[in-house]
Amino acid sequence: PVERKCHPVGANEYGTLLVVRFLGIDYGHRRIGLALSDPTGLLSRPWKTIPRHGSTTQVAATLAAEVASLAAEDDGLAGVVLGYPRTLGGDATDQTGVVSRLADVLRAQIGVPIVLQDERLTSREAESLLARRLKNWRDRKPLLDAASAAVILQDYLDGRRGAPAPAADEDLFS
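Bear in mind that the values here come from a model prediction, so they are computed numbers and not experimental data. (Residues numbered from 1 in each chain as written. Predicted model: local features only at pLDDT ≥ 70, side-chain atom pairs only at ≥ 80, totals over all residues. Heavy atoms only, no water.)

Colleague: So what about helix α2 (residues 96-107)? Which residues, and what values?
Modeller: Across its 12 residues, α2 extends 16 Å between first and last C-alpha, which sits within 8% of the 16 Å expected from 1.5 Å per residue. Among the residues of α2, those classed as buried are Thr96, Val99, Leu102, Ala103, Val105 and Leu106. Each element contacted by the buried residues of α2 is listed here: β3 (22-27), α1 (56-72), β6 (79-84) and β7 (114-118). (Helix = DSSP H or I, 4+ residues; strand = E, 2+ residues; numbered from the N terminus. Expected span 1.5 Å × (residues − 1). Buried < 20%, exposed > 50% of the residue type's maximum accessible area, 1.4 Å probe, protein only. Contact = heavy atoms within 4.5 Å.)

Colleague: Give me the lowdown on the environment of leucine 36, citing residues and values where you can.
Modeller: Among the secondary structure elements, leucine 36 is positioned in strand β4 (residues 31-37). The contacts of leucine 36, once residues within four sequence positions are left out, are Arg21, Phe22, Leu23, Leu43, Ser44, Arg45, Trp47, Leu70 and Leu153.

Colleague: Give a detailed account of the pairing of β3, specifying residues and quantitative values.
Modeller: Side-chain direction in a regular strand flips from residue to residue, so the side chains alternate between the two faces of the sheet. Most of β3 is tucked away: 6 of the 6 residues are buried. Residues Phe22, Gly24 and Asp26 line one face of β3 and the alternating positions Leu23, Ile25 and Tyr27 line the opposite face, and both faces are buried. Examined bridge by bridge, β3 and β6 share 4 bridges and lie parallel to one another. Residue leucine 23 lies in a different strand from β6, and its bridge partner there is valine 80. In the sheet, β3 pairs with β4 via 5 bridges, with the strands oriented antiparallel. By the bridge assignment for β4, aspartate 26 is matched with glycine 33. Turn length for the β3-β4 hairpin, with the two strands adjacent in sequence and antiparallel, is 3 residues. (Pairing = 2+ DSSP bridges.)

Colleague: So what about the packing of aromatic side chains? Which residues, and what values?
Modeller: Counting across every chain of the model gives 1 aromatic pair. With 5.3 Å between their ring centres and 65 degrees between their planes, phenylalanine 22 and tyrosine 156 make a pair best called edge-to-face. Placement of phenylalanine 22 in strand β3 and of tyrosine 156 in helix α4 (residues 137-159) is noted, with a sequence separation of 134 residues between them. The exposure classification of phenylalanine 22 matches that of tyrosine 156, with both residues buried. Of note, lysine 48 hangs over the ring of tryptophan 47, and the distance from its end group to the ring centre comes to 4.5 Å. (Phe/Tyr/Trp six-rings, centres within 6.5 Å; stacked < 30°, edge-to-face > 60°. Lys NZ or Arg CZ within 6 Å of the ring centre and 35° of its normal.)

Colleague: Describe the packing of α1 against α2, with residues and values.
Modeller: Running from N to C, α1 and α2 cross one another at 55 degrees; their axes reach a closest spacing of 9 Å. In this view, α1 runs oblique relative to α2, as classed from their interaxial angle. Between α1 and α2 lies a crossing whose hand is right-handed. Counting all contacts with α1, which are made through Thr56, Thr57, Val59, Ala60, Leu63 and Ala64, the residues of α2 involved are Arg101, Leu102, Val105 and Leu106. Tallied by class, residues from the contact of α1 with α2 come to 7 nonpolar, 2 polar and 1 charged. (Axes fitted to C-alpha atoms, helices over the stretch in contact; angles between N-to-C directions. Parallel < 35°, antiparallel > 145°, perpendicular 65-115°, else oblique. Left-handed = near helix turned anticlockwise from the far one by under 90°. Nonpolar A, V, L, I, M, F, W, Y, C, P; charged D, E, K, R; others polar.)

Colleague: Got a sec to walk through the pattern of salt bridges? Specific residues and values, please.
Modeller: Within the structure shown, the criterion is met by 4 salt bridges. Between glutamate 73 and arginine 21 there is a salt bridge, and its shortest N-O distance comes to 3.0 Å. Separated by 52 residues along the polypeptide, glutamate 73 in the loop between α1 and β6 and arginine 21 in the loop between β2 (16-19) and β3 bring together distant segments of the chain. Where lysine 48 meets glutamate 66, a salt bridge forms, and the shortest distance between an N and an O atom there is 3.0 Å. Residue lysine 48 is found in strand β5 (residues 44-51), and its partner glutamate 66 is found in helix α1; the two are separated by 18 residues along the sequence. For lysine 48, a relative accessible area of 29% gives the class partly exposed. (Salt bridge = Lys/Arg side-chain N within 4 Å of Asp/Glu carboxyl O.)

Colleague: Now, about the nonpolar core: what can you tell me, with residues and values included?
Modeller: Leu23, Ile25, Leu63, Val80 and Leu82 are the most contacted members of the largest nonpolar core, which totals 26 residues. Listed by contribution, the elements that provide at least two residues to this core are β3, β4, α1, β6, α2 and β7. Per element, the largest residue contribution to this core is 6 residues, and it comes from α1. If near-sequence neighbours (up to four positions away) are discounted, leucine 63 is found in contact with Ile25, Ile32, Leu34, Ile50, Leu102 and Leu106. Counting 12 residues, the second largest nonpolar core, distinct from the first, contains Val20, Val81, Ala149 and Leu157. (Core = buried A, V, L, I, M, F, W, Y, C linked by side-chain atoms within 4.5 Å.)

Below, the structure is given as structure tokens:
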């Protein structure tokens, strides 16, 4: 985890807050949804959606730039959580290999760990959450990818409560 000096509230015994902010990614066919956790690593929120253009290498470069920008902010960045597509039965899909390749290329370009997180049913859950607030599908559609990334990230955060942030060379699949 990244450390920064702060007021002792919510800090360790030395008055140092452990920053464990994560970036969540939902890698889709046309768009890439991004979500961020709060600096405590407890809650996720949709951040933005970017278009998916170019090759895997070009997409990885775009995502690496986002990671570098976030890592340079005061809250830092402890890791990236990338949605890992599987069928309901747990088998690979046509997108699983694409996401694995993206993770490999991105891993070589960034200095924070990448965690592959099972994304089964996350789009459906995100759609359901958005539908509670927005009745019109046209209003929900532009928000869906980032909302899906937030669900993926929240699933990861909920699974790691009390666990330390992953090491830079650690790759986890939940």
